[in-house]
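A closer look at the structure
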Amino acid sequence: MATKKAPAKKAAAKKPAAKKAPAKKAAAKPKVSNVDRLVAAGVINHDHIGDHNVAVINKLRGPEVSALLNLRKKMGSAPEGKDHLRPNFPV
């Protein structure tokens, strides 16, 4: 008895790998501390915070700092010279 042989498979032609476009590097922004962001936005007064407060504030994550900035925008700024009369954040 004769057995049938499977037809020979043709070698698949390999396509050359597509070249990736070189990634463009954006200009790196200098890292700004959380304290600097909050002071610039008027959320906290730089004169009223100590070194231990700076360490804690700088440990905050980005979304937490953004939430504080948005809250200050909604509450409005404290009157000049009377920022001690009103808490910075709702209690």
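Up top you'll find the structure we're talking about.
So, how was this worked out
Residues numbered from 1 in each chain as written. Predicted model: local features only at pLDDT ≥ 70, side-chain atom pairs only at ≥ 80, totals over all residues. Heavy atoms only, no water. Helix = DSSP H or I, 4+ residues; strand = E, 2+ residues; numbered from the N terminus. Buried < 20%, exposed > 50% of the residue type's maximum accessible area, 1.4 Å probe, protein only. Contact = heavy atoms within 4.5 Å. Areas by Shrake-Rupley, 256 points an atom, 1.4 Å probe, with all protein chains shown as cover. Expected span 1.5 Å × (residues − 1). Arc of directions from axis to C-beta.

1. With respect to the overall build of the protein chain
- In terms of regular secondary structure, the protein chain is built from three helices and zero strands.
- Seen in sequence order, the protein chain has helices and strands lined up from the N terminus as α-α-α.
- The buried share among the 91 residues of the protein chain stands at 12%.
- Counting only contacts in the protein chain whose residues sit at least 6 apart along the sequence, the fraction spanning at least 24 positions is 46%.
- Of the roughly 8,700 Å² of accessible surface on the protein chain, a fraction of 59% belongs to carbon and sulfur atoms.

2. Let's talk about helix α3 (residues 62-75)
- End to end, α3 covers 20 Å across 14 residues, agreeing with the expected 20 Å (1.5 Å per residue, within 8%).
- Three or more residues of α3 are buried, namely V65, L69 and R72. Down the axis of α3, the sector holding all buried residues measures 60°, keeping them to one side. Facing away from the buried side of α3, by more than 90 degrees, are the exposed residues P63 and K74.
- Once α3 ends, the next one or two residues include G76, with phi positive near 85°.

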